[in-house]
Amino acid sequence: MNSHKIRVRFAPSPTGPLHIGGVRTALYNYLFAKKHGGDMLLRIEDTDQTRYVEGAEAYIIESLKWCGINYNEGVGIDGPHAPYRQSERKPVYKQYALDLIKNNFAYYAFDTPQELETVRKSYEADKKNFQYDQKNRLQFKNSLTLSQSEVSFLLDSGSPYVMRIKIPENEEILVNDLIRGEVRVNSSQLDDKVLFKSDGLPTYHLANVVDDYLMEISHVIRGEEWLPSAPLHVLLYRYLGWENDKPQFAHLPLLLKPDGNGKLSKRDGDRLGFPVFPLQWTDPSSKEISSGYRDAGYLPDAFINMLALLGWNPGTEQEIFSMDELIESFSLERVGKSGSKFDPEKAKWFNHQYLQQMTDEELAELIAPDLTLKLIHLDRSLLLTVIGMVKPRMNFVHEFWDQASYFFVAPSEYDAKAVKDRWKNDSAETMKKVSTLIQHSEPFTAENTKTQVMNFIVENQLNTGVIMNALRLIIVGASKGPDLFEIIELIGKTETLSRIDKGIEVLG
Ligand code: GLU
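So, here is what we can say about the structure in this document.

Quick notes on the rules
- Residues numbered from 1 in each chain as written.
- Predicted model: local features only at pLDDT ≥ 70, side-chain atom pairs only at ≥ 80, totals over all residues.
- Heavy atoms only, no water.
- Near = heavy atom within 4 Å.
- Polar contact = N/O pair within 3.5 Å; in protein donor to acceptor, adjacent residues only side chain to side chain.
- Areas by Shrake-Rupley, 256 points an atom, 1.4 Å probe, with all protein chains shown as cover.
- 1 Å grid on protein atoms, 1.4 Å probe; cavity = no way out; pocket = protein on both sides within 12 Å on 5 of 7 lines; lining within 4 Å.
- Sits in = over half its atoms within 2 Å of the grid points.
- Nonpolar A, V, L, I, M, F, W, Y, C, P; charged D, E, K, R; others polar.
- Buried < 20%, exposed > 50% of the residue type's maximum accessible area, 1.4 Å probe, protein only.
- Helix = DSSP H or I, 4+ residues; strand = E, 2+ residues; numbered from the N terminus.
- Right-handed = clockwise from strand over helix to strand, strands pointing away.
- Contact = heavy atoms within 4.5 Å.
- Lys, Arg positive; Asp, Glu negative; His and termini not counted.
- Salt bridge = Lys/Arg side-chain N within 4 Å of Asp/Glu carboxyl O.
- Pairing = 2+ DSSP bridges.
- Axes fitted to C-alpha atoms, helices over the stretch in contact; angles between N-to-C directions.
- Phe/Tyr/Trp six-rings, centres within 6.5 Å; stacked < 30°, edge-to-face > 60°.
- Points joined across faces, edges and corners; volume = space filled by probe spheres on them.

### Thoughts on the site of the ligand
Then comes step 1: The environment of the ligand is made up of Arg-9, Ala-11, Pro-12, Ser-13, Glu-45, Tyr-204, Asn-208, Arg-222 and Trp-226.
Then comes step 2: Between the ligand and the protein, one listed contact pairs a nitrogen atom with a side-chain N or O atom of Ser-13 at 3.0 Å.
Then comes step 3: Between the ligand and the protein, one listed contact pairs an oxygen atom with a side-chain N or O atom of Asn-208 at 3.0 Å.
Then comes step 4: When isolated, the ligand has an accessible area of 300 Å², and the protein chains bury 84% of it.
Then comes step 5: Comparing atom positions with the cavity grids shows the ligand to sit within the largest pocket.
Then comes step 6: Its residues assigned to classes, the shell around the ligand shows four nonpolar, two polar and three charged.

Rendered as structure tokens:
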């Protein structure tokens, strides 16, 4: 035990789709393991059968795969500590729970849920919070208050029971956290958590500690929401006799909503206008669909790069990191203590950056199928040229058509606002003159056409903006796009003239 190899785990519960905060936890585990030549395993913590959600496990595995978080052991690939699904490890846990009872670190409790509910209500009536703990445990029906023969009778007759940890009184428990430093908690604040139930299943706390020990985990890197459980886990390591093999803890700061008001939660879904899941998810019971980054057109490398910087900083101005660079630069020391606000605009910015890094050929591979679907005749060299021209304006591959359709087909309508602002009373008249110029522009290059049009403007003392805006409107259909004369050269003289004619006719 306790080889000095770095071994980390990502241990989600399959209670629904993985939230982007969960993906970030997985990512930091992965970066840390790879940086130190260690292992990362995926363990599925499915002991709470009431919260099990169909399809969640497959979703988690697919998400990690899409992100390039290639764990090297665990559910989906197996390894020396298989099985990695806690529901399949059921026989493992009971002996540890019994050990705790034998050593007086835990006890049986037979209180029914209804009995506990009645007590809870009476506490609430007194405006107090109820927890089963050292102050009141002697008022309940458990092996601390019943005689040994009563306990044996109840167990033998199959009465439902739970095993609870016996939290020590007034003891300072120290959690050494690699991010938060020394966290000290007085044990009197802790409750006697349930560790094991008579259905034969452990709770999260026991299963988590036992598995981290058996799977030789060296570092537990997980979300801050688990920090309150850490003192209990520290006690369990001690009571199980594993004090010296205890993993090191690192609790990651929260991911916050964009306005900084609270944790970004699964329920935020599309409510705030951006996905909170890596992949699209269809809820198996309500059939409700939540969007995902992959389906919204994000490139996995951009998504990962964006997530990596939400909580960790490299200590330099560098923002663009490949996975290999992240592995190289990552350290837990540079993970902050305070929460990071999620910034949907920054997420788009990252995708934009990664899109710019792709070659025109690579983008053409992704864009061509859509053009084929739209029955556009594919002239490869035209496509590459157009991609080169509109790429700087694109954040996503799927924006190509919106940014570039006018290179392939004449606009079928004109943007109403642009018409209002840019089509003047005399526009039709001037466009007729521009049309004549273009007809005679030889050679028909962007440069030559531009010279002709500019000369015409100067000679007639016209306003360049007004002319160019009107011309763009009838060529493009809106007031967007790259250099107009380059567009004109690419679509060709005949098409240009026909668009001018049509524009004059429609807009009058
Ligand atoms: N199963 C827990 C979860 O769903 C794991 C917490 C931990 O990493 O210890 O997040």
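### Overview of the pairing of strand E9 (residues 219-223)
Then comes step 1: Of all the five residues making up E9, five are buried; the element is thus mostly covered by neighbouring parts of the structure.
Then comes step 2: You can see the chain leave E9, run along helix H7 (residues 230-239) and come back into strand E10 (residues 248-252), and the turn it takes is right-handed.

### Section: the environment of Asp-211
Then comes step 1: Assignment of secondary structure puts Asp-211 in helix H6 (residues 204-214).
Then comes step 2: Asp-211 sits 125 residues away from Gln-86 along the chain, and the two C-alpha atoms are 8.5 Å apart.
Then comes step 3: In this structure, Asp-211 is in contact with Arg-43, Gln-86, Arg-89 and Tyr-93, ignoring residues within four places of it in sequence.

### A short note on the side chain of Asp-46
Then comes step 1: Examined against the element boundaries, Asp-46 turns out to sit in the loop between strand E2 (39-42) and helix H2 (56-67).
Then comes step 2: For the buried Asp-46, no salt bridge exists, and the shortest N-O distance to an oppositely charged side chain is 5.0 Å, to Arg-85.
Then comes step 3: From its side chain, Asp-46 meets the backbone nitrogen of Gln-86 in a polar contact 3.3 Å long.
Then comes step 4: For Asp-46, the contacting residues outside a window of four places in its chain are Pro-14, Arg-85, Gln-86 and Ser-87.

### Brief notes about the sheet that holds strand E4 (residues 106-109)
Strands belonging to one sheet form pairs held by backbone hydrogen bonds; the direction of such a pair is parallel or antiparallel.
Then comes step 1: Spatial strand order, E4-E5-E8: three strands in an open sheet with antiparallel pairing. A strand with exactly one partner marks an edge of an open sheet, and here the two such strands are E4 and strand E8 (194-197). The mean inter-strand angle of the sheet, taken between neighbouring strand axes irrespective of direction, is 25°.
Then comes step 2: Bridging between E4 and strand E5 (residues 162-165) involves four bridges; their strand directions are antiparallel. The partner of Tyr-107 across the bridge, within E5, is Arg-164.
Then comes step 3: Packed onto the sheet, helix H3 (residues 90-102) meets E4, E5 and E8 and runs at close to 100° relative to E4.

### Re the pairing of E5
Then comes step 1: Residues Val-162 and Arg-164 point to one face of E5 and Met-163 and Ile-165 to the other, with burial holding for every one of them.
Then comes step 2: Alignment of E5 against E8, held across three bridges, turns out to be antiparallel. From the neighbouring strand, Met-163 faces E8, where its bridge partner is Phe-196.

### Digging into the packing of aromatic side chains
Then comes step 1: Per the stated rule, a full pass over the model turns up 24 aromatic pairs.
Then comes step 2: When the ring of Trp-66 is compared with that of Phe-303, the centres are 5.4 Å apart and the planes differ by 40°; the resulting orientation is tilted. With Trp-66 in helix H2 and Phe-303 in helix H8 (residues 300-308), this residue pair connects regions lying 237 residues apart in the sequence.
Then comes step 3: Look at Phe-303 and you get buried, because its relative accessible area is 0%.

### Observations concerning the layout of surface pockets
Then comes step 1: Considered as a void within the structure, the largest pocket measures approximately 1,200 Å³ in volume.
Then comes step 2: Along the walls of the largest pocket sit 42 residues, with Ser-13, Thr-15, Glu-225, Trp-226 and Lys-266 positioned nearest its centre.
Then comes step 3: Those elements that provide at least two residues to the lining of the largest pocket are strand E1 (7-10), helix H1 (20-35), H6 and E9.
Then comes step 4: Here the lining of the largest pocket takes four residues from H1, the largest share from any one element.
Then comes step 5: Looking at the second largest pocket, its volume works out to about 550 Å³.
Then comes step 6: In terms of lining, the second largest pocket is formed by 25 residues, of which the most central are Asp-111, Leu-116, Val-162, Arg-164 and Val-194.
Then comes step 7: Only helix H4 (113-125), E5 and E8 provide two or more residues apiece to the lining of the second largest pocket.

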